[in-house]
Amino acid sequence: MFVDIDGLNIEYCEEGDGYPVLLLHGWGASFDTYRGIINTLKDRHRVIALNFPGCGNSDTMETPWDLDNYCDLVLKFMKKLNIENPIIFGHSHGGRVTIKLVAEGMVNPPKIVLLDSAGLIPEKTPRQKRRAKNFKRIKTFLMLPVIRNFSGGLLEKARNHYGSADYNAAPLVLRQTLVSLVNTDLRDILHKISCPTLLIWGENDTATPLSDAKIIESRIKDCGLCVIEGAGHFSFLESPFKAHAIINSFIK
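## What about the overall build of the protein?
Phase 1: Per the secondary structure count, the protein includes 11 helices and eight strands.
Phase 2: A burial count over the protein gives 47% of its 252 residues as buried.
Phase 3: Surface exposure of the protein reaches about 12500 Å², of which carbon and sulfur atoms provide 51%.

## Observations concerning the packing of helix α2 (residues 67–80) against helix α3 (residues 93–103)
A pair of packed helices can be characterised by two numbers: the angle between their axes and the separation between those axes.
Phase 1: One way to put it is that α2 packs onto α3 with a least axis distance of 10 Å and a crossing angle of 80 degrees. On the basis of their axis angle, the class for α2 and α3 is roughly perpendicular. Contact residues: L67, D68, Y70, C71, V74 and L75 in α2; H93, R96, V97, K100 and L101 in α3.
Phase 2: Looking at the contact of α2 with α3 residue by residue, the class counts come to seven nonpolar, one polar and three charged.

## Some remarks on the pairing of strand β8 (residues 223–228)
Phase 1: The sheet contact formed by strand β7 (residues 197–202) and β8 spans six bridges and is parallel. What sits directly across from L199, in β8, is L225.
Phase 2: Where the polypeptide runs from β7 across helix α9 (residues 210–219) and back to β8, its parallel neighbour, the crossover connection is right-handed.

## Quick word on unusual backbone geometry
Phase 1: Phi is positive for N85, which is not a glycine, with a value near 45 degrees.
Phase 2: Residues other than glycine seldom take positive phi values, yet S92 does so here, at roughly 55 degrees.
Phase 3: Within the element layout of this structure, S92 appears in the loop between β5 (87–91) and α3.

## With respect to the pattern of salt bridges
Phase 1: Counted by the stated rule, this structure contains nine salt bridges.
Phase 2: Notably, a salt bridge pairs D72 with K76, separated by 3.1 Å at the nearest N-O pair. Of this pair, D72 and K76 are both found in helix α2, four residues apart, which corresponds to roughly one turn of the helix.
Phase 3: The class of K76 is partly exposed, set by a relative accessible area of 29%.
Phase 4: In this structure, the salt-bridge partner of E104 is K192, at a minimum N-O distance of 3.9 Å. Here E104, found in the loop between α3 and β6 (112–115), pairs with K192, found in the loop between α8 (172–182) and β7; they are 88 residues apart in sequence, far enough to count as distant.

## Focus on the packing of aromatic side chains
Phase 1: In the structure shown here, the tally under the stated rule is four aromatic pairs.
Phase 2: With centroids separated by 5.6 Å and ring planes inclined at 75 degrees, the aromatic side chains of Y12 and F77 adopt a geometry described as edge-to-face. Here Y12 is found in strand β2 (residues 8–15), whereas its partner F77 is found in helix α2, with 65 residues between them in sequence. Per residue, the accessibility class of Y12 equals that of F77, and both read buried.
Phase 3: Among the aromatic side chains, those forming a connected cluster through ring pairs are F52, W65 and Y70.

## Concerning α9
Phase 1: Buried residues of α9: L210, D212, A213 and I216, and no others. Buried residues along α9 cover an arc of 150 degrees about the axis, so they all sit on one side.
Phase 2: In this structure, the buried side of α9 is in contact with β6, β7 and β8.

## Observations regarding the nonpolar core
Phase 1: Within the largest apolar cluster, 48 residues are counted, with the highest numbers of intra-cluster contacts made by L50, F77, V97 and I193.
Phase 2: Ranked by residues supplied to this core, first place goes to α2 with seven residues.
Phase 3: Apart from residues lying up to four places away in sequence, L50 is in contact with I10, E11, Y12, L22, L23, L24, H25, F31, L73 and F77.
Phase 4: In this structure, V47, L115, L198 and F236 belong to the second largest nonpolar core, which totals 24 residues.

## Side note on the side chain of S92
Phase 1: Classification of S92 by relative accessible area gives buried; the value is 10%.
Phase 2: Beyond its immediate stretch of four places on either side in the chain, S92 contacts G26, W27, L115, D116, S117, A118 and H233.

## Observations concerning α2
Phase 1: The first and last C-alpha atoms of α2 sit 20 Å apart over 14 residues, in line with the 20 Å expected at 1.5 Å per residue.
Phase 2: Within α2, burial applies to L67, Y70, C71, L73, V74, F77 and M78. For α2, the angular spread of the buried residues around the axis is 155 degrees, confining them to a single face. Of the residues in α2, the exposed ones pointing more than 90 degrees away from the buried face are K79 and K80.
Phase 3: Lining the buried residues of α2 we find β1 (2–5), β2, β3 (19–24), β4 (45–50), α3 and α8.
Phase 4: Put simply, D66 is the residue that caps the front of α2, since its side-chain oxygen is 3.1 Å from the backbone nitrogen of D68.
Phase 5: N82, located one to two residues past α2, shows a positive phi value of around 55 degrees.

Thresholds applied
Residues numbered from 1 in each chain as written. Predicted model: local features only at pLDDT ≥ 70, side-chain atom pairs only at ≥ 80, totals over all residues. Heavy atoms only, no water. Helix = DSSP H or I, 4+ residues; strand = E, 2+ residues; numbered from the N terminus. Buried < 20%, exposed > 50% of the residue type's maximum accessible area, 1.4 Å probe, protein only. Areas by Shrake-Rupley, 256 points an atom, 1.4 Å probe, with all protein chains shown as cover. Axes fitted to C-alpha atoms, helices over the stretch in contact; angles between N-to-C directions. Parallel < 35°, antiparallel > 145°, perpendicular 65-115°, else oblique. Contact = heavy atoms within 4.5 Å. Nonpolar A, V, L, I, M, F, W, Y, C, P; charged D, E, K, R; others polar. Pairing = 2+ DSSP bridges. Right-handed = clockwise from strand over helix to strand, strands pointing away. Salt bridge = Lys/Arg side-chain N within 4 Å of Asp/Glu carboxyl O. Phe/Tyr/Trp six-rings, centres within 6.5 Å; stacked < 30°, edge-to-face > 60°. Arc of directions from axis to C-beta. Core = buried A, V, L, I, M, F, W, Y, C linked by side-chain atoms within 4.5 Å. Expected span 1.5 Å × (residues − 1). Polar contact = N/O pair within 3.5 Å; in protein donor to acceptor, adjacent residues only side chain to side chain.

Structure, rendered in structure tokens:
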């Protein structure tokens, strides 16, 4: 199914009846990652999941977005589909959007679930610091007036070499969007979240490390952290039975 949001054709799915649950997926993924959770909840909830621009079969935006643009999209989507005060799930980037929506009072959910959520700028490892420093040096050199007219696609090759897998896999407009998002830190607004919050995290998550989860847990008053042992950034997919049991207990 599709809905038009400001000229963008946004793909979504909707299943079940009952109290609404809104699912927001992670960067570069789609609502398909939530299939197990949808099947778990649809017998007693109206479960709605959308695909962000550039994901699944949703249109890609024409200009780079920031986090406010994503929040605005979700609010307009909720209004179009008449979704009021849903329980919100957010994985990775979807968690970042959820934090912003709830902390800034744009929505008032009874509960939220953050799954390996983004939203903090983690401390870089020594290797990451070295790579960032090397890229900065190369970029500075290639942008020199005498050099840049003859450098051809060298700067783009350097970006591809030093960029993350998510960055390299995305078209230009999404690359620019990703840069904006990963440099947004929400830790200073976490204390504004007052609704019960469940964190489900992979023990071995390297994209959004467990240390982020502990910071989030410490700053949200009514918050609990469940760690999935041995799992990574998609902990709810790697250990679905455990994740679904935790979710069912929290939701009911």
